[in-house]
Amino acid sequence: MTTSTDADALQRAGLRYDVTGPVATITLDRPDVRNAQTPAMWRALAALGEQIPADVRIVVLRGSGQAFSAGLDRSMLDPANTSGEESVAGLLALSDEEVSATIDAYQQGFTFLRDPRYVSIAAVQGYAIGAGFQLALSCDLRVVADDVQLCMKESALGLVPDLTGTKPLVECVGYARALEICATARMVGAAEAVAIGLALTSVPVDDLDATVADLVGALTAPLPGAVSETKALLQGAADRSLDDQRRLEREAQARRFRELAALMGAGPE
């Protein structure tokens, strides 16, 4: 079922969006350019993030065609681009404060995937380069095809990763490996991605959809509150003291007991 979101506007931004039951699927839909990304796409992703229904429990992010995303559309870096679209090259005409505010708006197209209300899954095949890699890293979980090639390409262009990918990369692989991956701009294949914690599993390309579907089924089996509360607990655990984490566990469990009691009709009058 396609939602009431303006499908034409999404198509212009290179996206498709569908909601079926508790699962929302966002598809990068520019297969002719390997789903290369643009500022318009980032702004459209941010807008989608604000519209995801409250009863959605899983958000699946995928690319159409044979690649997840080859990263930034290089035409967006060309000062001579006359397409009329918002371009990254246009940042050069802005003050530092305006550049920061504009990139902050772009980043909203990535950060919504960390919302504790749902679990986000990136189904990744082929290339996930630069902004594509960062979009996959924005998801809670990554399932990759065995042809996947991950790369933080920004340093090769004289830039830094600025679409929220640095924090989850360090959380997945640690500081030293994250620095090496970013600074060398090398490719990370499927087997290494699984070995170093970037992906849950690697499967043949033809099995990717079925593997993600099985994962979605497993994640929607528990009661919704149990999964969202657990995600919220785990997200900040590394940055909290043990006492703070214990307190949050107790508070979350109290909420779970109340909900379960209400469902069983044993709640207070």
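Whatever comes next refers back to the structure up there.
Just so you know, these numbers come straight off a predicted model, no measurement behind them.

Q: Can you tell me about the pairing of strand E2 (residues 23–28), naming the residues and giving the values?
A: The buried fraction of E2 is high, at five of six residues. Sheet topology note: the strand E1 (residues 15–20)/E2 ladder contains six bridges and is antiparallel. Counterpart to valine 19 in the pairing with E2 is alanine 24. Count of turn residues in the E1/E2 antiparallel hairpin: two residues, of which glycine 21 carries a positive phi of about 60°. Direction of pairing for E2 relative to strand E3 (residues 58–63): parallel, over a ladder of six bridges.

Q: Tell me about a negative patch on the surface, and please be specific about residues and values.
A: On the surface, Asp146, Asp147, Asp206 and Asp207 cluster together into a negatively charged patch. Tracing the backbone through its elements, the reader meets aspartate 206 in the loop between strand E9 (201–203) and helix H8 (208–219). On the basis of relative accessibility, which here comes to 74%, the residue aspartate 206 falls in the exposed class.

Q: Mind laying out the environment of isoleucine 26, listing which residues take part and the relevant values?
A: Positionally, isoleucine 26 belongs in strand E2. The sequence separation of isoleucine 26 and glycine 126 amounts to 100 residues, and the corresponding C-alpha distance is 17 Å. Excluding residues that lie within four positions of it along the chain, isoleucine 26 makes contacts with Leu15, Arg16, Tyr17, Leu45, Leu48, Val59, Val60, Leu61, Arg62 and Phe112.

Q: So what's going on with the sheet that holds strand E8 (residues 188–189)? Residues and values would help.
A: One key point about sheets: their strands pair by backbone hydrogen bonds, in either a parallel or an antiparallel sense. Taken in spatial order, the three strands of this open sheet run E5-E7-E8, and their pairing is mixed. With partners counted over all chains shown, the strands left at the sheet margins are strand E5 (127–129) and E8, one partner each. In this structure, strand E7 (residues 149–151) lies alongside E8, joined through two bridges in antiparallel fashion. Each bridged residue has a counterpart across the sheet, and for leucine 150 the counterpart in E8 is valine 188. Helix H4 (residues 131–138) rests against E5 and E7 of the sheet, and its axis sits at about 95° to E5.

Cut-offs and rules
Residues numbered from 1 in each chain as written. Predicted model: local features only at pLDDT ≥ 70, side-chain atom pairs only at ≥ 80, totals over all residues. Heavy atoms only, no water. Buried < 20%, exposed > 50% of the residue type's maximum accessible area, 1.4 Å probe, protein only. Helix = DSSP H or I, 4+ residues; strand = E, 2+ residues; numbered from the N terminus. Pairing = 2+ DSSP bridges. Patch = residues over 30% accessible without salt bridge, like charges linked within 9 Å, V, L, I, M, F, W, Y side chains within 5 Å. Areas by Shrake-Rupley, 256 points an atom, 1.4 Å probe, with all protein chains shown as cover. Salt bridge = Lys/Arg side-chain N within 4 Å of Asp/Glu carboxyl O. Lys, Arg positive; Asp, Glu negative; His and termini not counted. Charge placed at Lys NZ, Arg CZ, Asp CG, Glu CD. Contact = heavy atoms within 4.5 Å. Axes fitted to C-alpha atoms, helices over the stretch in contact; angles between N-to-C directions.

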